[in-house]
Amino acid sequence: MEIIGRNEFVDLPELGLFGLKAKIDTGAYRSAIHYHDLRIETINNVKTLIITLDLIGDQPVEKKFTDFKITKVKSSFGDKSKRYFIRTKMRIGDIEKMVDLSFSDRSDMRYPLLIGRKVLAKTFLVDVSAKYLHSQNSSD
């Protein structure tokens, strides 16, 4: 098991995203990344999920996915909503693993990326007194 802090810098290499500030949330089951715009289009007879990511401090970037799923998710307030999920590679420090990542409006949140228990299980232990254990930049 790898020890991580309550906040870490996370890479999503298949999405070309590196050094994203993430909140490690043992109370959340699933992981989510902030999006600005989301739509479904049919391109060459294939349903395509088109997401515009507008992450804090970065220019908006559009990503397209043909391999995605839709799931109903219950929020911490008990509200159910439809969420789009993709499967992608995630890296914290030297650990890489495939994760299911949902798209959520996190514009009111401090961190654009939330890492939940499903990613943490059997791989990471969280030291809640620490931050950024797997980065050279340890400021917040």
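Going by what an unreviewed UniProt entry lists, the protein chain is known as Retropepsin-like aspartic endopeptidase domain-containing protein and is assigned to Marinigracilibium pacificum.

Caption draft 1: The arrangement of the nonpolar core in detail. Among the nonpolar cores identified, the biggest contains 26 residues, and Leu-12, Leu-17, Ile-33, Met-90, Phe-103, Leu-113 and Ile-115 are the most heavily contacted of them. Within the residue set of this core, elements represented by two or more residues are strand S2 (7–12), strand S3 (17–24), strand S6 (46–53), strand S9 (80–92), strand S10 (95–104), strand S11 (113–115) and helix H1 (117–120). Non-local contacts of Leu-17, meaning those with residues more than four positions away in its chain, are made with Asp-11, Leu-12, Ile-33, Leu-53 and Leu-55.

Caption draft 2: Summary view of the pattern of salt bridges. Applying the stated rule across the entire model yields eight salt bridges. If you follow the salt bridges from partner to partner, you end up with Asp-11, Lys-89, Arg-91 and Glu-96 in one network.

Caption draft 3: The pairing of S2, seen in detail. Most of S2 sits out of view: six of its six residues are buried. Side chains Asn-7, Phe-9 and Asp-11 of S2 all project onto a buried face; the interleaved residues Glu-8, Val-10 and Leu-12 project onto the opposite face, where all are buried too. Bridging between S2 and S3 involves five bridges; their strand directions are antiparallel. Paired with Asn-7 across the strands is Lys-23, a residue of S3.

Caption draft 4: Representation of the packing of aromatic side chains in the model. For the structure on display, the rule yields three aromatic pairs. Their ring planes at 50 degrees and their centres at 6.1 Å tell us that Phe-68 and Tyr-84 sit as a pair that is tilted. Separated by 16 residues along the polypeptide, Phe-68 in the loop between strand S7 (61–65) and strand S8 (69–74) and Tyr-84 in strand S9 bring together distant segments of the chain. Seen from the ring of Phe-85, Lys-69 lies directly overhead, with NZ or CZ sitting 5.9 Å from the centre.

Caption draft 5: Up close: a positive patch on the surface. A cluster of basic residues, Lys-72, Lys-74, Lys-80 and Lys-82, forms a positive patch at the surface. The set of elements that each furnish at least two residues to the positive patch consists of S8 and S9. Tracing the chain through its elements places Lys-74 in strand S8. On the basis of relative accessible area, Lys-74 is assigned to the exposed category, the value being 59%.

What counts, and at which threshold
Residues numbered from 1 in each chain as written. Predicted model: local features only at pLDDT ≥ 70, side-chain atom pairs only at ≥ 80, totals over all residues. Heavy atoms only, no water. Core = buried A, V, L, I, M, F, W, Y, C linked by side-chain atoms within 4.5 Å. Buried < 20%, exposed > 50% of the residue type's maximum accessible area, 1.4 Å probe, protein only. Helix = DSSP H or I, 4+ residues; strand = E, 2+ residues; numbered from the N terminus. Contact = heavy atoms within 4.5 Å. Salt bridge = Lys/Arg side-chain N within 4 Å of Asp/Glu carboxyl O. Pairing = 2+ DSSP bridges. Phe/Tyr/Trp six-rings, centres within 6.5 Å; stacked < 30°, edge-to-face > 60°. Lys NZ or Arg CZ within 6 Å of the ring centre and 35° of its normal. Patch = residues over 30% accessible without salt bridge, like charges linked within 9 Å, V, L, I, M, F, W, Y side chains within 5 Å. Areas by Shrake-Rupley, 256 points an atom, 1.4 Å probe, with all protein chains shown as cover. Lys, Arg positive; Asp, Glu negative; His and termini not counted. Charge placed at Lys NZ, Arg CZ, Asp CG, Glu CD.

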